[in-house]
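Listed here are the chains, written in short residue letters.
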There are 2 protein chains.
Amino acid sequence: MKEKIRVAICGYGHLGQGVEKALFNPANRDMELVAIFTRRNPLSIKPVAPVEVVYFNEIGQYKDKIDVVILCGGSAKDLPKQGPMIARMFNTVDSFDTHARIPEYLEKMHDASFCAGKVSIISVGWDPGMFSLARAYAEAILPTGNTYTFWGKGVSQGHSDAIRRVDGVKDAKQYTIPIESAVEDVRAGKNPELTARQKHLRDCYVVAEEGADLDRIEKEIKEMPNYFADYDTIVHFISEEELQKNHSAMPHGGFVIRSGDTGNHKQIVEYSLNLESNPEFTGSILVAYARAAFYLNERGEFGAKTVFDVPVSLLTSEFTENLVRRLL
Amino acid sequence: MKEKIRVAICGYGHLGQGVEKALFNPANRDMELVAIFTRRNPLSIKPVAPVEVVYFNEIGQYKDKIDVVILCGGSAKDLPKQGPMIARMFNTVDSFDTHARIPEYLEKMHDASFCAGKVSIISVGWDPGMFSLARAYAEAILPTGNTYTFWGKGVSQGHSDAIRRVDGVKDAKQYTIPIESAVEDVRAGKNPELTARQKHLRDCYVVAEEGADLDRIEKEIKEMPNYFADYDTIVHFISEEELQKNHSAMPHGGFVIRSGDTGNHKQIVEYSLNLESNPEFTGSILVAYARAAFYLNERGEFGAKTVFDVPVSLLTSEFTENLVRRLL
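Quick caveat: nothing in here was measured; it's all calculated off a predicted structure.

What counts, and at which threshold
- Residues numbered from 1 in each chain as written.
- Chains lettered and ligands numbered in written order.
- Predicted model: local features only at pLDDT ≥ 70, side-chain atom pairs only at ≥ 80, totals over all residues.
- Heavy atoms only, no water.
- Helix = DSSP H or I, 4+ residues; strand = E, 2+ residues; numbered from the N terminus.
- Buried < 20%, exposed > 50% of the residue type's maximum accessible area, 1.4 Å probe, protein only.
- Lys, Arg positive; Asp, Glu negative; His and termini not counted.
- Salt bridge = Lys/Arg side-chain N within 4 Å of Asp/Glu carboxyl O.
- Contact = heavy atoms within 4.5 Å.
- Buried area = accessible area lost by both parts, 1.4 Å probe.
- Polar contact = N/O pair within 3.5 Å; in protein donor to acceptor, adjacent residues only side chain to side chain.
- Least-squares fit on C-alpha atoms with pLDDT ≥ 70 in both.
- Pairing = 2+ DSSP bridges.
- Axes fitted to C-alpha atoms, helices over the stretch in contact; angles between N-to-C directions.

A. Seen up close, the side chain of A:Lys199. Residues and elements named next belong to chain A. Relative to the helices and strands, Lys199 is located in helix α7 (residues 196-199). No salt bridge is formed by the buried Lys199. Its closest oppositely charged neighbour is Asp127, at 9.2 Å. Excluding residues within four positions of it along the chain, Lys199 makes contact with Thr149, Phe150, Ile177, Pro178, Ile179 and Leu194.

B. Structural context of the interface of chain A and chain B. Of the residues lining the interface, 61 residues belong to chain A; the matching set on chain B comes to 61 residues. Carbon and sulfur atoms supply 62% of the area that chain A and chain B bury against each other, a total of about 5,300 Å² over both sides. Ranking the residues of chain A by area buried against chain B places A:Tyr137, A:Phe308 and A:Leu328 at the top, with a combined share of 16%. Along the contact surface separating chain A from chain B lie two salt bridges. Counting across the chain A and chain B interface gives 31 residue pairs in polar contact (both at pLDDT 80 or more).

C. Geometry of the relation of the copies chain A and chain B. In screw terms, the move from chain A to chain B is a rotation of 180° and a rise of 0.0 Å along the axis, fitting with an RMSD of 0.1 Å. Such a combination of turn and shift is consistent with a two-fold rotation axis. The overlap is high: 100% of the interface residues of chain A also sit at the interface in chain B, so the same surface is used on both sides.

D. Broad picture of the sheet that holds strand β14 (residues 303-305) of chain B. Residues and elements named next belong to chain B. The strand order across the open sheet formed by seven strands is β3-β2-β1-β4-β5-β6-β14, and the pairing between neighbours is parallel. The open sheet has two edge strands with one neighbour each: β3 (52-55) and β14. Pairwise comparison of adjacent strand axes, ignoring direction, gives a mean angle of 25° for this sheet. As defined by bridge partners, strand β2 (residues 31-38) adjoins β3 across four bridges and the pair is classed as parallel. Looking at β3, one finds that Thr38 is bridged to Tyr55. Helix-sheet contacts for helix α2 (residues 78-87) involve β1 (5-10), β4 (68-71), β5 (91-94) and β6 (119-121), and the interaxial angle to β4 is about 175°. Packed onto the sheet, helix α3 (residues 102-116) meets β4, β5, β6 and β14 and runs at close to 140° relative to β14.

This is the structure in structure tokens:
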């Protein structure tokens, strides 16, 4: 029997727990969760199945015990520091998703993993990730055309956080909602030019502190630059109980549509996701790419990679002959 | 300036002409159409732009003049013979689509191209091809769940041919139509078990010979085993003029839906195509994979490959750094 791929999770928030769940899937029996690294007190963490929980600073001691580390920290503060540090010791995958800073992060990760003779696959998830693949495949096979990405309906963590920073707001959830008529125009091959406002609606559920000025809060949200000013924004004030009861799930999804043209014939390609749990889906993708990172490194490759560099055959433990028979 | 990738087309039917059109796309300026090989009289072929048209038997004389041959023959009779023969001399791509015989064809192509130190990418197109990729990615990232493939609305060449073989039939077009309620149940994550009849409807437009017994023809079509007996089939008798006027286009499309589950959360992934011209779309895909065959061979790889083995970065001439910046 082949030895299992030894995996560690670094960061045990929603995403880390999603990865842990994915590792229990019988299809991922070729992998084994060896340790969870955390910057919190390890005793405060209760993994689902018994596994070592280790304080982050001790990660270096696990150099020979782990094949791939799945980085589950945030893109703003955790990954820019942790990523290159860990890539100097281990194969890694992460879901770095600050689009504008990806080239810079890729370069840093490449320097680290290349020198170490390891592989790092960065920006894995669904956007960046599966949506990026959908865009790249669709453009490669239909070079003439327009690509549209719509997100939602789903919870945007960044926008929810922005609302929470408004004075007098206790808690909030923001849903990004694609505008159906715009999606339909794109699907019909009309190639519309769409502003931010014409593509997405922002729907906000806000718990205000007692006695706060609701009109002022609503105005501040709606006029917030970058986040809300360029969109039609709806603000609902609700109670804390309602927020807990009706808005604690983490659904998300969206569409990538390529409206292409070959010699005056319309050709529409669409990739869409409808997710009940965003972190569990992202976690499941990270696990598949952790396997690929290990395989690539075994083949003698090193350096930082993206989903664009990885053939789908490396994402699964199934023999390619079987894949061909079952799915081609 | 880099030298262009020298491409030839083998077989100048609908698909070959679709490939030719794709090669005129400005995005494919890194490739150059060098020759068209045909088993017809070369003088009977009028390519869109001036290019050598050569009798098939002379292909061996082009060994040093061509980097990739795009095989545009049929899967039933042409490719099983032509494929291995040409793979002994050139890098190739083809759209071999007899699903049941793919493993056997893959092996033959592998023997041929491996010995020759060339690369052959087989079964490229949309099904097999893009739909196979959609199935493989979706299963890799969502190992628990069910995958459904629906085809249409579109013209099925095989079913149209089957109708034409019925006594008294002059011409015919058959549309495969996915049953909307079944698609909706799958999209809703209901994981239905569907029979052939519950997934697709067969809609037939038939031109009968004068004086033919229409009731008998309709009965023979509807009871034809494999092709129609297991489906709800509708037969319309129309005039030859009507068939020409309303049914000469070659639209197609379909959906691959993965209804997945991660820890009791439904996760739906869908890939869909809505195509006005099936041969132009397939031709455009073949051109992208012709580039990949050339790149793989330049890297020192050889043997037969499928879409599962090819990372998306090899399908385009764009630098990966740009792809990352624009699409990741």
